[in-house]
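# Residue-level structural notes
Here is what each chain is made of, one letter per residue.
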Amino acid sequence: MDQIIVHGNGPLKGEIPIAGAKNACLALMPATLLTDQPLTLTNAPRLSDIRTMTELLQSLGAEVASLQDGQVLALSSHDLASHRADYDIVRKMRASILVLGPMLARDGRAEVSLPGGCAIGARPVDLHLRALEAMGAELDLRDGYVHAKAPSGGLRGAVFEFPLVSVGATENALMAATLARGTTVLKNAAREPEIVDLAQCLRAMGAQIEGEGTGTITIEGVQALRGATHPVVTDRIELGTYMLAPAMCGGEVECLGGRIDLLAAFCEKLDEAGISVEETSRGLKVARRNGRVRSVDVTTAPFPGFPTDLQAQFMALMCLAEGKSVLEETIFENRFMHAPELMRMGARIDVHGGQAVVTGVDKLRGAPVMATDLRASVSLILAGMAAEGQTTVSRVYHLDRGYEHVVRKLRGVGAHVERLKEEQT
Ligand code: EPZ
């Protein structure tokens, strides 16, 4: 397996282009199943997860063309050849469950493998299913698949309150509701920018949606949707990740395409830690103010709270901060797997259940470490950039799922990172 070799770094300088959001694109692509007209997505990220979603949609009979070096995706699904999302694809990427709602809404039937758990938690899909059942879907769970059928007249509008905020379940229900008969009201809906982006794309396709970005989304079902061309929103998690590079190493980096409104809670914590964030005409300029980074307590929460997907990366920063910081992970039950790897580099972290107490140290030392999940992998690279000596990160296939050209982007601001292909390791 490939490895990434990182050497401790001095101050960084330069600019990093931020790509389109993986988690927006993975919800936008299944929207092609809602119409027989062409859907074009621009500013698409070049990631293995996007290739997996492409493979899944093609297995259903949709056409997906990747143009302009993968930055444009041209999708269309005239007649679906299959309504079965196979386990072999779904197990590689949980977001595959997002084809369920659109297929049900469009053709009244779907067979989707249950995704199973992943490294960071059990990650059930019960809320996806309950929301669709509220719209009249008949679901039969057997042999590891959801066998779903819509009533003869199609899905019908419903009022559904999510017992807890779920990004994916909100996306599935939102897409299904666009073609349901009547009005759907989703309460305690997720408010993430990726939800807003999906709603804007669906509206461009002719859907009637109000309230996205608030906790209540109202959808008036329509007979059919048309095609559209939609730009994928900037990836706030990639943005936050790269904002932490100058925070850890010093210097100044401009993240092109970055927007404060995507990461307000995260930027507040950076400010408390002594990191300056300046809005420019091209994005966000980030620099560490004089002196050592200060410890800051963080509790992850659904948007607009501090993103769980930036918890691992922020922990890497707190490892070098002055004092103690308490990181509470409230979204997933097992999202501190980067802690033992950071401790191999000299970090002082005490993990108890959903809480990690980080006691800052003067320096980290490079070491061989192992990536365990997408966001943990990049926190180890950030730590290696601020450590003395060499850090070797293995299992970097996790990285390719969510960070396009990570070595190129970091080298572009002076980081000493390189990727060793498997045959070289
Ligand atoms: C999305 O996952 C993101 N993935 C995750 O990003 C992100 O961490 C998460 O939202 C939270 O922001 C994509 O968008 C592809 P949830 P999702 O449903 O939709 C529980 C990354 O690194 N839950 O909001 O699966 C669940 O177990 C990934 O890019 C149920 O109990 O997250 C979790 O505890 C990691 N039943 C909580 O809700 C359900 O039916 C939030 O999960 C669904 C979820």
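The structure presented is a predicted model; accordingly, all values stated were derived computationally and were not measured. (Residues numbered from 1 in each chain as written. Predicted model: local features only at pLDDT ≥ 70, side-chain atom pairs only at ≥ 80, totals over all residues. Heavy atoms only, no water.)

### What about the nonpolar core?
Within the largest apolar cluster, 80 residues are counted, with the highest numbers of intra-cluster contacts made by Met29, Val99, Leu174 and Leu202. In terms of residues, this core owes the most to one element, helix H6 (residues 167-177), which gives 6 residues. Leaving out residues up to four positions away in the same chain, Leu202 has contacts with Ala31, Leu34, Leu174, Met175, Thr178, Ala207 and Ile209. Formed by 69 residues, the second largest nonpolar core is a distinct cluster that contains Leu263, Ile275, Val358 and Leu380. (Core = buried A, V, L, I, M, F, W, Y, C linked by side-chain atoms within 4.5 Å. Buried < 20%, exposed > 50% of the residue type's maximum accessible area, 1.4 Å probe, protein only. Helix = DSSP H or I, 4+ residues; strand = E, 2+ residues; numbered from the N terminus. Contact = heavy atoms within 4.5 Å.)

### Quick notes on the site of the ligand
In the vicinity of the ligand there are 22 residues, among which Asp126, Leu127, Ser166, Asp309 and Ile331 approach most closely. Within the side chain of Ser166, a nitrogen or oxygen atom sits 2.7 Å from an oxygen atom of the ligand. At 2.6 Å from an oxygen atom of the ligand is found a side-chain nitrogen or oxygen belonging to Asp309. Here the ligand loses 86% of its free accessible area of 830 Å² to cover by the protein chains. Counting residues per element, the ones that place at least two in the shell around the ligand are helix H1 (22-28), helix H5 (126-134), H6 and helix H12 (374-385). When grouped by side-chain class, the residues that make up the shell around the ligand number 11 nonpolar, 5 polar and 6 charged. (Near = heavy atom within 4 Å. Polar contact = N/O pair within 3.5 Å; in protein donor to acceptor, adjacent residues only side chain to side chain. Areas by Shrake-Rupley, 256 points an atom, 1.4 Å probe, with all protein chains shown as cover. Nonpolar A, V, L, I, M, F, W, Y, C, P; charged D, E, K, R; others polar.)

### Concerning the packing of H6 against helix H7 (residues 193-204)
Close contact between H6 and H7 brings their axes to 10 Å; oriented N to C, the two are set at 10°. Between H6 and H7, the angle is such that the two are roughly parallel. Across the interface between the two elements, Val167, Thr170, Glu171, Leu174 and Met175 from H6 touch Glu194, Ile195, Leu198, Ala199 and Leu202 from H7. Along the lines of polarity and charge, the residues of the contact of H6 with H7 split into 7 nonpolar, 1 polar and 2 charged. (Axes fitted to C-alpha atoms, helices over the stretch in contact; angles between N-to-C directions. Parallel < 35°, antiparallel > 145°, perpendicular 65-115°, else oblique.)

### A closer look at the UniProt feature "binding site: phosphoenolpyruvate" (unreviewed entry) in the chain
Feature annotation in UniProt places "binding site: phosphoenolpyruvate" (unreviewed entry) on Lys22 and Asn23, given in this structure's numbering. The residue Lys22 is located in helix H1 in this model. Overall, Lys22 belongs to the buried group, its relative accessible area being 8%. Sequence-distant contacts of Lys22, defined by excluding residues within four places in its chain, comprise Pro45, Leu47, Asp49, Ile50, Asp235, Leu374, Arg375, Arg401 and Gly402. At a separation of 2.7 Å, a polar atom in the side chain of Lys22 contacts the side chain of Asn23. Of note, Asn23 is situated in helix H1. For Asn23, a relative accessible area of 28% gives the class partly exposed. Not counting residues up to four positions away in its chain, the partners in contact with Asn23 are Glu171, Glu194, Asp309 and Arg375. (UniProt positions renumbered as here; feature names shortened; annotations may be inferred.)

### Details of the packing of aromatic side chains
All told, the structure shown has 5 aromatic pairs when counted by the stated rule. Taken together, a centroid distance of 6.3 Å and an interplanar angle of 70° make the contact between Phe266 and Phe314 edge-to-face. Of the two residues, Phe266 sits in helix H9 (residues 264-273) while Phe314 sits in helix H10 (residues 311-318), which places them 48 residues apart along the sequence. Ring plane angle 75° and centroid distance 5.4 Å describe the contact between Phe306 and Phe314, whose orientation is recorded as edge-to-face. Residue Phe306 is classed as buried on the basis of its relative accessible area of 4%. Look at Phe314 and you get buried, because its relative accessible area is 0%. Among the aromatic residues, those joined into a cluster by ring pairs are Phe266, Phe306 and Phe314. (Phe/Tyr/Trp six-rings, centres within 6.5 Å; stacked < 30°, edge-to-face > 60°.)

### Examining the UniProt feature "modified residue: 2-(S-cysteinyl)pyruvic acid O-phosphothioketal" (unreviewed entry) in the chain
Under the local residue numbering, the UniProt record ascribes the feature "modified residue: 2-(S-cysteinyl)pyruvic acid O-phosphothioketal" (unreviewed entry) to Cys118. Residue placement: Cys118 occurs in the loop between strand E7 (109-113) and H5. Beyond its immediate sequence surroundings of up to four residues, Cys118 is in contact with Arg94 and Arg123.

### Observations regarding the sheet that holds strand E9 (residues 145-149)
Taking strand neighbours across the sheet as the criterion, the 4 strands line up as E6-E7-E9-E8 in an open arrangement whose pairing is mixed. Each end of this open sheet is capped by a strand with a single partner; those strands are strand E6 (84-85) and strand E8 (138-142). Relative to E9, E7 runs antiparallel, the two being bridged by 5 bridges. Bridge assignment links Arg109 to a residue of E9, and that residue is Lys149. Sitting on the sheet, helix H4 (residues 100-107) is in contact with E7 and E9, with an inclination near 165° to E7. (Pairing = 2+ DSSP bridges.)

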